[in-house]
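# Observations on the model geometry
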Amino acid sequence: MTNTKRSVTGTEPLLGTRALNRATLERQLLLRPALLSVAAAVEHLLGLQAQNVKPPYYALAARLDGFTPEALSRLMAEREAVRIVTMRSTIHTHTADDCLILRPLVQPARDRELVTFRKGLAGVDLDRLAVLARDLVETEPRTMRQLREALLREWPDADPQALAVAARCRLPLVQVTPRGLWGRSGQVSLTTAEHWLGRSAEPAPTPDAVVLRYLGAFGPASVRDMQAWAGMTRLREAFERLRPQLVTFRDESGVELFDLPDAPRPGPDTPAPPRFLPEFDNLLLSHADRTRVVPPEHRGRSWKGNLAYCTLLVDGFLAGLWRLEEDALVIEPFERLTRARQDEVTAEGERMLRVMHPESAYDIRFGAVRT
């Protein structure tokens with residue numbers, strides 16, 4: 001258990017930044033390779049950010065013992081995992097079960113998203129649009145362009161992009177394979193989750209059970225942290241209902257943090273090996289206050305505009321960027337690394353390359369310190 005101090009209120013233990021970091025890394029399976037199946041890991045993590053095809057594979061390579069890309073690809077091919085818009089209106093890879101649970105949970109947020117497009121949807125009956133779009137994609141998977149063109153015939157004065165976004169918001173649309181498979185290519189074609197999985201979605205759940213799962217994967221955390229992760233609002237009531245079965249802490253800013261009583265909270269000096277994470281890894285996106293992973297001096301350095309970079313953790317914190325070139329893994333640290341740290345990063349880079357690219361030969365190069 002973490003060594004803690006009393007907060008300024010004198011009633012709740014204080015968790016420092018390093019203690020929060022180690023607890024989060026433990027929940028995120030990043031302190032040591034986990035002996036979990038791919039399906040169990042994706043379920044535990046409540047999905048993996050997946051704007052692009054490759055990030056979920058690299059995310060699991062950093063977390064699982066014995067992982068192979070083919071294992072996740074097989075789940076996708078067998079429809080045991082899917083790509084679908086859920087949290088924060090972004091594409092995630094979920095298990096089939098979680099797809100049918102979490103997509104209804106965030107439906108209110110998808111409904112609110114449509115407010116942004118109300119001008120382009122003037123005169124559009126959204127209930128009728130949902131019926132027509134469902135019939136279209138369940139008859140045959142459609143690209144967003146095909147969906148736009150078909151819906152535009154019904155509402156020629158509407159904004160084409162708004163029509164397609166409305167269909168995506170009103171319906172649980174999954175990307176059908178081969179999109180998402182390792183080593184395969186395919187355009188984004190969509191059908192409903194129910195049609196693809198051959199079973200109905202679950203009724204929209206109360207958030208309480210998901211709060212507990214979120215804490216298990218991302219805790220200790222505040223109400224605002226979970227709201228940032230889910231892209232939802234008004235979760236305070238769920239936390240208050242659960243308060244009797246949770247424990248609470250304060251962070252260094254005095255913010256109340258909730259956690260599961262028996263969840264692991266390693267000490268702040270627990271070793272944290274380097275990790276190579278993909279762009280948009282959930283670790284960096286799932287808290288309102290990201291200082292538990294991102295030092296204030298490195299805030300905003302993992303992306304530029306709409307472009308996100310692959311990131312390097314050193315001692316548990318964001319410490320640089322990396323990329324694969326034709327013949328090399330290129331590492332660009334934010335600060336000069338000691339020889340010992342370079343050796344640790346190199347060893348982890350070699351491990352990652354063996355997992356993800358066992359038939360290719362890459363050098364490992366340290367670029368100039370990225371300022």
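Above this text is the structure in question.
Residues numbered from 1 in each chain as written. Predicted model: local features only at pLDDT ≥ 70, side-chain atom pairs only at ≥ 80, totals over all residues. Heavy atoms only, no water.

With that settled, consider the packing of aromatic side chains. Describing an aromatic ring pair means giving the distance of the ring centres and the angle of the ring planes. Considering all chains together, one arrives at eight aromatic pairs under this definition. Ring centres of Tyr57 and Trp182 lie 4.9 Å apart, and the angle between their planes is 45°; on these two criteria the pair is classed as tilted. Linking Tyr57 in helix H3 (residues 55-61) with Trp182 in the loop between strand E6 (173-175) and strand E7 (190-192), this pair joins segments that are 125 residues apart in sequence. We classify Tyr57 as buried; its relative accessible area is 1%. (Phe/Tyr/Trp six-rings, centres within 6.5 Å; stacked < 30°, edge-to-face > 60°. Helix = DSSP H or I, 4+ residues; strand = E, 2+ residues; numbered from the N terminus. Buried < 20%, exposed > 50% of the residue type's maximum accessible area, 1.4 Å probe, protein only.)

Next up on the list: the packing of helix H7 (residues 126-139) against helix H8 (residues 144-154). Two measures define how a pair of helices packs: the angle their axes make with one another and the distance between the axes. Contact geometry of H7 with H8 gives a least axis separation of 11 Å together with a crossing angle of 135°. Considering the angle they form, H7 stands oblique to H8. Here the hand of the crossing between H7 and H8 comes out right-handed. On H8, the residues that touch Arg128, Leu129, Leu132, Ala133, Leu136 and Val137 of H7 are Leu147, Ala150, Leu151 and Glu154. Tallied by class, residues from the contact of H7 with H8 come to eight nonpolar, no polar and two charged. (Axes fitted to C-alpha atoms, helices over the stretch in contact; angles between N-to-C directions. Parallel < 35°, antiparallel > 145°, perpendicular 65-115°, else oblique. Left-handed = near helix turned anticlockwise from the far one by under 90°. Contact = heavy atoms within 4.5 Å. Nonpolar A, V, L, I, M, F, W, Y, C, P; charged D, E, K, R; others polar.)

Among the nonpolar cores identified, the biggest contains 36 residues, and Val38, Leu60, Phe67 and Met356 are the most heavily contacted of them. Within the residue set of this core, elements represented by two or more residues are helix H2 (38-44), H3, helix H4 (69-77), strand E13 (310-314), strand E14 (317-324), strand E15 (328-333) and helix H14 (339-356). Leaving out residues up to four positions away in the same chain, Phe67 has contacts with Val38, Tyr57, Leu60, Ala61, Leu72, Val355 and Met356. The next biggest cluster of nonpolar side chains, apart from the first, holds 23 residues, and it includes Ala217, Ala221, Met226 and Leu235. (Core = buried A, V, L, I, M, F, W, Y, C linked by side-chain atoms within 4.5 Å.)

Quick look at the pattern of salt bridges now. Counted by the stated rule, this structure contains 29 salt bridges. With a shortest N-O distance of 2.6 Å, Arg168 and Glu113 are connected by a salt bridge. Taken together, the residues Arg168 in helix H9 (residues 160-170) and Glu113 in helix H6 (residues 107-113) connect sequence positions 55 residues apart. Given a relative accessible area of 22%, Arg168 falls into the partly exposed group. Looking at Glu113, the relative accessible area reads 16%, which means it is buried. A salt bridge links Arg241 to Asp208, with the nearest nitrogen and oxygen atoms 2.5 Å apart. Of the two residues, Arg241 sits in helix H13 (residues 236-242) while Asp208 sits in helix H11 (residues 208-218), which places them 33 residues apart along the sequence. Residue Asp208 is classed as buried on the basis of its relative accessible area, which comes to 15%. (Salt bridge = Lys/Arg side-chain N within 4 Å of Asp/Glu carboxyl O.)

The next thing to look at is the sheet that holds E7. Taken in spatial order, the five strands line up as E3-E5-E4-E6-E7 in an open sheet, and their pairing is antiparallel. Either end of the sheet is taken by a strand with one partner, and the two such strands are strand E3 (48-49) and E7. In the sheet, E3 pairs with strand E5 (residues 91-95) via two bridges, with the strands oriented antiparallel. Directly across from Leu48, in E5, lies its bridge partner Thr93. On top of the sheet, H4 reaches strand E4 (81-85) and E5; it is set at about 75° to E4, its chief contact. (Pairing = 2+ DSSP bridges.)

Let's shift gears to the sheet that holds strand E10 (residues 275-277). With mixed pairing, the five strands of this open sheet are ordered in space as E10-E13-E14-E15-E16. Strands at the two margins of the open sheet, each flanked by one partner only, are E10 and strand E16 (363-366). In this sheet, adjacent strand axes meet at a mean angle of 30° when their direction is disregarded. Across five bridges, E13 lies against E14 in antiparallel orientation. When the bridges of E14 are listed, Leu313 appears paired with Leu318. In the packing of H14 onto the sheet, the strands contacted are E10, E13, E14, E15 and E16, and the crossing angle to E16 comes to about 145°.

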